[in-house]
Number of protein chains: 4
Amino acid sequence: MKINRYEDISQIEREAKRDYIDRHSAFVYCDDKAVKGEKFKVKVKVGDEYKHPDDFDHYISWVQLWDGEKMLAQTSFQAGTLGNAPCQAEVDLYIVPTSKSLKLMAHAFCTKHGLWQSDEKVVEVSE
Amino acid sequence: MKINRYEDISQIEREAKRDYIDRHSAFVYCDDKAVKGEKFKVKVKVGDEYKHPDDFDHYISWVQLWDGEKMLAQTSFQAGTLGNAPCQAEVDLYIVPTSKSLKLMAHAFCTKHGLWQSDEKVVEVSE
Amino acid sequence: MKINRYEDISQIEREAKRDYIDRHSAFVYCDDKAVKGEKFKVKVKVGDEYKHPDDFDHYISWVQLWDGEKMLAQTSFQAGTLGNAPCQAEVDLYIVPTSKSLKLMAHAFCTKHGLWQSDEKVVEVSE
Amino acid sequence: MKINRYEDISQIEREAKRDYIDRHSAFVYCDDKAVKGEKFKVKVKVGDEYKHPDDFDHYISWVQLWDGEKMLAQTSFQAGTLGNAPCQAEVDLYIVPTSKSLKLMAHAFCTKHGLWQSDEKVVEVSE
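Cut-off values and rules
Residues numbered from 1 in each chain as written. Chains lettered and ligands numbered in written order. Predicted model: local features only at pLDDT ≥ 70, side-chain atom pairs only at ≥ 80, totals over all residues. Heavy atoms only, no water. Helix = DSSP H or I, 4+ residues; strand = E, 2+ residues; numbered from the N terminus. Rg over C-alpha atoms; globule rule 2.2 N^0.38 Å. Contact = heavy atoms within 4.5 Å. Areas by Shrake-Rupley, 256 points an atom, 1.4 Å probe, with all protein chains shown as cover. Lys, Arg positive; Asp, Glu negative; His and termini not counted. Charge placed at Lys NZ, Arg CZ, Asp CG, Glu CD. Buried < 20%, exposed > 50% of the residue type's maximum accessible area, 1.4 Å probe, protein only. Pairing = 2+ DSSP bridges. Axes fitted to C-alpha atoms, helices over the stretch in contact; angles between N-to-C directions. Least-squares fit on C-alpha atoms with pLDDT ≥ 70 in both. Buried area = accessible area lost by both parts, 1.4 Å probe. Salt bridge = Lys/Arg side-chain N within 4 Å of Asp/Glu carboxyl O.

S.K.: Report on the overall build of chain A, specifying residues and quantitative values.
M.R.: Counting its secondary structure elements, chain A contains one helix and ten strands. Against the globule reference of 14 Å for 127 residues, chain A gives a C-alpha radius of gyration of 15 Å, in line with a compact fold. With the C-alpha coordinates aligned to their principal axes, the bounding extent of chain A is approximately 45 × 35 × 25 Å. Pairs at least 24 apart in sequence give 64% of the contacts found in chain A among residues at least 6 apart. Working note: accessible area of chain A is about 5,400 Å², and carbon and sulfur atoms make up 45% of it. A distance of 2 Å separates the average location of the 18 positive side-chain charges in chain A from that of its 22 negative side-chain charges.

This is the structure:
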């Protein structure tokens, strides 16, 4: 299956394409370091500079947060939760790391344009 | 189906029962007022004074956020996401209100002790 | 939260109300007896005599199968999976009973008309 | 992210590896032809010759059914739904095709061994 990836949109000339790629891309935001056994906040947000529609027939239906090959959590949205207007789907997940590092990655699913995968965010976990 | 509800634990004598009720109860935290068409953060947290296990055979598997009879979002967790130790499942959801008020309510599902429903949190939405 | 229940529609005079109740109600279909440790098929179907829309802004978003207070499985649908035309959402789930009886119950969530609960189906489980 | 794929296990010498690959692989079973606008049954099953554990810390947590880049449905299981013994996770989904063909594919997620993708099953849809 095709899984779409973020591309550096500053290198893309056509505005429509920059918009298309950016508004579908999942981004993972969190601190660079975590502490073993302590709650750690991870934001997953879809779109950085551009907004995605929240139309009934075209919206971000769910996001997943992964640590390497292990899924941590999935949030499913209903169409309309973002007001039926362009917006950036967003959720803050709280996890508790127990290993030496995290390799965080998010998936986002658009009901019209398929599955999108974020870049990997590596987090160092100290004792 | 039985849906469990929070009871004021300060009125409960037995520590074990206070712990049982508190650690399973879903709580909704957000501002009292929102603005129509603007993103609004809603925290759903399970447990207030006590922590729930995150054991493989006993954990909080999912929470849902509702506005009256309309579901807004659902977050599913894997066992171990909270470090396999007692913790409070937590997620910040972002919604965009379009009506005059919100009647927010959360459900939380414990794999051993069933479905729990938060109190309703009413939010006034201004133009 | 209000959870809607099936009512015997043969007792209801108004056609529109019979249609409304029937098309939203979840039904559990399975054999009356199961064998411990053997796979057992359980059909969950929404609507019996009437069909529910599968419109982008009005569809059956998910169903859950419960055994008493324990959730067994949840199936989420995308709008359009049923062809964007009136239909009955349907899924066959396979479970393996380990207790002496099952008390099966289904929930169905309509994006416009909220949560609906089936009648309970008791299944005797033999060794 | 690594997505695992089925390999023809008859070509694999080591029994443990055949077992590992087979028991994690998702398979899509359905008729070769469907009729536009009519309900169509699609079975998703995990494992063909071998069975996967249903342990609390090691089970098939969910399967998804896709038509090309469009997700149709997701079924999530709780650990124990398959009796806490080796078994093959299984669900029959019902969809209504509206296009000229379907390119069905399933994902299955094992809580220990990550994401697995089925082969694609092409279905011709007649008027």
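S.K.: Give a description of the pairing of strand 8 (residues 101–110) of chain B that names residues and reports values.
M.R.: Residue and element names in this part refer to chain B. With respect to burial, strand 8 is a largely interior element, eight of its ten residues being buried. Taken together, the seven bridges between strand 5 (residues 60–67) and strand 8 define a ladder with antiparallel strand orientation. Opposite Val63, over in strand 8, you have Ala108 as the bridge partner. Note that strand 8 and strand 10 (residues 121–126) share four bridges and pair antiparallel. Pairing of Ser101 across the sheet is with Glu124, part of strand 10. As judged from the four bridges shared by strand 8 and strand 9 (residues 114–117), these two strands associate in the antiparallel manner. Bridge pairing in strand 9 links Cys110 to Gly114. Where strand 8 folds back on strand 9, the antiparallel hairpin that results is connected by three residues.

S.K.: Just give me the short version of the sheet that holds strand 7 (residues 90–95) of chain A, but keep the residues and values in it.
M.R.: Taken together, six strands build an open sheet; the order of strands is 2(A)-4(A)-7(A)-7(B)-4(B)-2(B) and the sheet is antiparallel. Each edge of the open sheet carries a strand with a single partner, namely strand 2 (26–29) of chain A together with strand 2 (26–29) of chain B. Strand-to-strand, the axes of this sheet are offset by a mean angle of 20°, without reference to chain direction. Sheet topology places strand 2 of chain A next to strand 4 (residues 40–46) of chain A; four bridges connect them, and they run antiparallel. Each residue of the ladder has a partner; that of Ala26 of chain A, found in strand 4 of chain A, is Val46 of chain A.

S.K.: So, the relation of the copies chain C and chain D: which residues are in play, and what are the values?
M.R.: The operation linking the two copies of the chain is a rotation about an axis combined with a translation along the axis. Rotating chain C by 180° and translating it 0.0 Å along the rotation axis places it on chain D, where the RMSD comes to 0.0 Å. Interpreted geometrically, this transformation is the action of a two-fold axis. Residue Thr75 of chain C of chain C places its C-alpha closer to the rotation axis than any other residue of that unit, at 2.1 Å. Both copies present the same face, since 100% of the interface residues in chain C are matched by interface residues at the equivalent positions in chain D.

S.K.: Give me the lowdown on the interface of chain C and chain D, citing residues and values where you can.
M.R.: Chain C puts 28 residues into the contact, and the matching count from chain D is 28 residues. Taken together, the two surfaces of chain C and chain D that pack against each other cover about 2,100 Å², and 51% of this comes from carbon and sulfur. Looking at the side of chain C facing chain D, the largest losses of area belong to Lys39, Thr81 and Tyr94 of chain C, adding up to 26% of the total buried there. For the pair chain C and chain D, the interface holds two salt bridges. The residue Glu90 of chain D makes a salt bridge to Lys39 of chain C at a minimum N-O spacing of 2.5 Å.

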